[in-house]
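The lines below spell out each chain.
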Amino acid sequence: MPPNIAIFAVIFVASVALFGWSCFRRFRLVTLGKADNRFSNIGKRIGNMLYQAFAQRCTVSHGYRFGLNHLVLFWCFMILLIETTEFLFNGVFPDHIDLSLLPAGLYHALSFIFDWVSLFALLAVCAAVIRRLAFPPSYIVARSLEAFVILGVIAILMITFFGMNASEIAQGGVEAARYMPISSLVASIFFMDVSAGSLVGYANFFWWIQAIAMLSLLNYLPYSDHMHVLTAIPNCFFKSLTKVNTQSREEFKESNIFGVGRVDQFTWKDLFDSYSCSECGRCTDCCPANFTSKPLNPQRVIHDIKVNLLKNGPLMLRNKDPILPLISDGQEQDGSISEEVIWECTTCGACMEVCPLAIEHVPKIVDMRRHLVEMKAEFPEELLAFFENMEQRSNPWGIAPGERIKWATDIDAKPFEAGTTEYLFYVGCAGAFDARNRRTTLAVAKILDAAGISWGILGKDEMCCGDSLRRLGNEFVFDRIARENIKMFAERGVKKIITQCPHCYSTLKNDYLQYGAELEVSHHTELINNLLKEGKLELNRTNDLGKAVFHDSCYLGRYNNIYEAPRKVFASATGQIPTEMERHHDKSFCCGAGGGRMWMEEAIGKHINVARVEEALNEDLETICVCCPYCMTMFEDGLKDKDAVDRVQVLDLAEIVARALKKD
Ligand code: SF4
Ligand code: SF4
C-alpha cells in the first residue's frame, strides 16, 4: 500500500494523461498516411498476431541464439503486465483492488507465478546485458545508452518487486508468503534482524521506487527507440494476409502523385511499420546488398522513415511543407534515404522473411523508386536503354521480336491455339534471346514432349512480362505491358501457362492477379515434379554431375514457397539429394539480379553474385543447379570472376532432367 494515496493518485493520473497525450501525438502522425485496408478477416489476423507476436515465430527461429531470451522477456512482460496493473490501481484504490481480495486459490497461484516470473525476467535482463557486452549484435542500437537504460529500469522493477514483497513478508502480514519462494528467500537473507519500523520504511521505499520506475518507463516509451513495445503486437495484427510478393497498383490519372517522395505519401501501415521496428537488425544481417558493403541497410530505411515522420509530420498536420527530404540525392542524414540506397535493393525479400514484426520493406523501396522514375525521371543512367528497349520492343535488349522464335529453329514448336494446345509455354525474354538460357528452353521443350504435354508458344507475339519494370518503379510501362499481355491471353484463350523463369512465374501469377487475370501458372520445376508423381515422366537415375549444390531463386522460394519441388526433381533425376549451401531455403542468398539489378552496374562493394559463388565454392562442388535464367547468368559470371569455369558447371534443373530422360 502506498504511503500517501492522495499524492500517488495525482502522480498516477498525471502520468497516465501524459502517456495518453504522447501516444495521441505519435499515432496522429500515422493518420497522415494513405488508406490501406488492414481490418479484413479479423479471425485470421488474430491468428497471425498470436503466431507472430505471442509465439515469437521469427524471434526464436532463423538461428538467432538469443531469440529464446527475447521470448522469455516478452512473456515475462506480458504476465507482469497483470501484476503491474494491479500494483498501480492498488496504489489508488487499496481497499478495492488487491490480489488478496481474490479467492484464496487464485491469489496464491498468481502470487506464485509473479514471484517466479519476476526472477526469470531479472535473469533474462542479465542475459541481455551480458549478450550486449560480450557478444555484441551487429546493430548499433543494441549497445546504445537507451538500450542499457531500459534494461536497467526493468531490472529495477524486478529488484523493487522482491524488495517490497520481502520487507512485507518479514513484517508477517502477507498471507501468500509461502507461495512466494523467491521473495521469502530475499526476506530471510536481508530482513531477518531488521526492526518492524525499518521494515515499513523499506517497504515504502521499494514501493515508491517501483511506482516511479513504472510510470517513468511508461512515459519514456513513446519517445524512445523502444516504441515497438507499444506497436509491435498491433503491427502483427495488421500484417499482410498474403505473402508480400507483389506491389500495389497505381491509378494513372493526371492529377495523381505516383510513388512516394514525401513521408505522408506512404500508407498508414507503412508509417506504423516504422514505429514498430525494434531495430533488431535481422533484416540488415541477411540483406545481400548490405552483406557486400553497399550502403543499403533495410533497418536504417525503416528507421529513417520514422525519423522523417517525427520531424515532418507535425508540420504536415498544420499543412506546412516538410523540412527534411525523404529521398536525398547524396549525403546521408538521419531521416532521409539516399537515392543510391533505393537503387541497391534486389527485392530478394530476405528482409521481410526474417523480420519478427512483419515489416514490409520492399514495397516501400519500390514506392520510392516509382517516385524517382515516374515523377522525377531520375534513375541510374544504364536504365535509360533498358526502359527504352522495354517500351519499344518489349524486351530488355531491344532485339527484334522476330528473333524470339530462333531458339526453336531445330524443333517443332507449335503456336499456341486454344482447343488444340493445352499449355502456353511462356518462354520469357532470357529464355528466348540469351544464348545460354536458350539451352534451358530447349530442355524444357524436350521434357514437355517426353511427358506428352500439349503445348504451344506465342512466338514473336510474346512480350516481356514486365517484372523488372515493376520492381524498378516504372509502373507506368509495366501497367501497359501487363494489360496488353492479359488482353492477348484472353483473346487467345490462354488459361494454363508454363514458364522456366521465376520472375515471369511470379509476375504472371501474383502481379497479374491484381488485374483480374486468374491464370494457372506453373514453373517448370513444379510441373516436372507433378509429372513425375503422376508417372508421366520416367527418368534414368544417372548422375554425371559430381557433387552438386542447389540454389534457391528468391522469386521461386521466398516469393512463392517453392522449395521442395525442385529438390525432389533433382533427387529423381540424379539419385542424390543436392548439397545445401550455408544459406538455403528461406534464408537463401540472392544471386544479385532481382529487382531489376540484372540491368544495372554494381559499382560499390563486392559483387553479390561473386559472394554467392564463393559460398557455393565452399562446398567443394562440381555443379551448381539453378532454376532461373537470371541465376544462371549471375553464377556463370561469378565463376568466371573466380576462375572456376573449368571445374564447376552451372545447369538449370530442366537440363539435368532432360539428360536423364529415358530414351524409347
Ligand atoms: S525491420 Fe524488422 S528485422 Fe529489421 S530491424 Fe526492424 S524489426 Fe528487426
Ligand atoms: S529485399 Fe533483399 S536487397 Fe532489398 S532490402 Fe531486403 S534484403 Fe536487402
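Quantities reported herein were computed from a predicted structural model and do not represent experimental measurements.

Engineer: Which residues make up the sheet that holds strand 9 (residues 623–626), and what values do they have?
Structural biologist: Spatial strand order, 8-7-9-10: four strands in an open sheet with parallel pairing. For this open sheet the edge positions go to strand 8 (579–580) and strand 10 (649–652), each flanked by a neighbour on one side alone. In the sheet, strand 7 (residues 548–550) pairs with strand 9 via three bridges, with the strands oriented parallel. Bridge pairing links Phe550 to Cys625 in strand 9. Each of strand 9 and strand 10 touches helix 26 (residues 629–641); the most contacted strand, strand 10, lies at about 175° to it.

Engineer: Requested: an account of the site of ligand 2, with residues and values cited.
Structural biologist: Taken together, the residues surrounding ligand 2 are Cys287, Pro288, Leu296, Pro298, Cys345, Thr346, Thr347, Cys348, Gly349, Cys351 and Val362. Each residue belonging to the shell around ligand 2 can be placed in one class, and the counts come to eight nonpolar, three polar and no charged.

Engineer: Residue-level account of the site of ligand 1, with values.
Structural biologist: Every one of the 13 residues lining ligand 1 counts as a neighbour, but Cys277, Cys280, Gly281, Cys283 and Cys355 are closest to it. A class-by-class count of the residues in the shell around ligand 1 yields seven nonpolar, four polar and two charged.

Engineer: Outline the pairing of strand 10, supporting the account with residue identities and numerical values.
Structural biologist: By the bridge criterion, four bridges tie strand 9 to strand 10 in an arrangement that is parallel. The residue of strand 10 that forms the bridge with Ile624 is Val650. Once you follow strand 9 into helix 26 and on to strand 10, the crossover reads as right-handed.

Engineer: Would you mind going over the pattern of salt bridges in detail, with residue names and values included?
Structural biologist: Going through the model one piece at a time under the given rule, you end up with 42 salt bridges. Asp367 serves as the salt-bridge partner of Arg370, at 3.7 Å between the closest nitrogen and oxygen. Of this pair, Arg370 and Asp367 both sit in helix 16 (residues 361–375), separated by three residues, roughly a single helical turn. Overall, the relative accessible area of 1% leaves Arg370 in the buried class. We note a salt bridge from Asp637 to Lys640, for which the minimum N-O separation is 3.7 Å.

Engineer: So what about helix 16? Which residues, and what values?
Structural biologist: Taking 1.5 Å per residue as the helical rise, helix 16 with its 15 residues ought to reach 21 Å, and the 21 Å between its terminal C-alpha atoms agrees with that figure. Taken across its 15 residues, helix 16 has 14 buried, putting it largely inside the fold. Just downstream of helix 16 lies Ala377, where phi reads positive at about 50°.

Engineer: Hey, could you go over the packing of helix 6 (residues 145–171) against helix 8 (residues 196–220) for me, with residue numbers and the actual values?
Structural biologist: Running from amino to carboxyl end, helix 6 crosses helix 8 at an angle of 150°, the nearest separation of the two axes being 8 Å. What the angle tells us is that helix 6 and helix 8 run roughly antiparallel. Here helix 6 runs over helix 8; the crossing is left-handed. Residues that form the contact of helix 6 with helix 8 fall into these classes: 18 nonpolar, five polar and two charged.

Engineer: Could you give an account of the packing of aromatic side chains, with specific residues and numbers?
Structural biologist: Here the structure, examined in full by the defined rule, presents 38 aromatic pairs. Between Phe74 and Trp75, the aromatic rings sit 5.7 Å apart at their centres with planes inclined by 90°, giving edge-to-face as the arrangement. By relative accessible area, Phe74 is classed as buried at 12%. Here Tyr426 and Phe489 contribute two aromatic rings whose centre-to-centre distance is 6.3 Å and whose plane-to-plane angle is 80°, an arrangement assigned as edge-to-face. With Tyr426 in strand 3 (residues 423–426) and Phe489 in helix 21 (residues 475–492), the pair connects residues that are 63 residues apart, well separated along the chain. Residue Tyr426 is classed as buried on the basis of its relative accessible area, which comes to 0%. Connected via pairs of aromatic rings, a cluster forms that spans Phe27, Phe39, Phe237, Phe238, Trp268, Phe272 and Tyr275. Above the ring of Tyr515, the side-chain terminus of Arg249 is found at 3.6 Å from the ring centroid. Lying across the ring of Phe291, Arg583 places its NZ or CZ 4.4 Å from the centre.

Rules behind the numbers
Residues numbered from 1 in each chain as written. Chains lettered and ligands numbered in written order. Predicted model: local features only at pLDDT ≥ 70, side-chain atom pairs only at ≥ 80, totals over all residues. Heavy atoms only, no water. Pairing = 2+ DSSP bridges. Helix = DSSP H or I, 4+ residues; strand = E, 2+ residues; numbered from the N terminus. Contact = heavy atoms within 4.5 Å. Axes fitted to C-alpha atoms, helices over the stretch in contact; angles between N-to-C directions. Near = heavy atom within 4 Å. Nonpolar A, V, L, I, M, F, W, Y, C, P; charged D, E, K, R; others polar. Right-handed = clockwise from strand over helix to strand, strands pointing away. Salt bridge = Lys/Arg side-chain N within 4 Å of Asp/Glu carboxyl O. Buried < 20%, exposed > 50% of the residue type's maximum accessible area, 1.4 Å probe, protein only. Expected span 1.5 Å × (residues − 1). Parallel < 35°, antiparallel > 145°, perpendicular 65-115°, else oblique. Left-handed = near helix turned anticlockwise from the far one by under 90°. Phe/Tyr/Trp six-rings, centres within 6.5 Å; stacked < 30°, edge-to-face > 60°. Lys NZ or Arg CZ within 6 Å of the ring centre and 35° of its normal.

Limitation: the analysis is restricted to geometry and does not speak to function.
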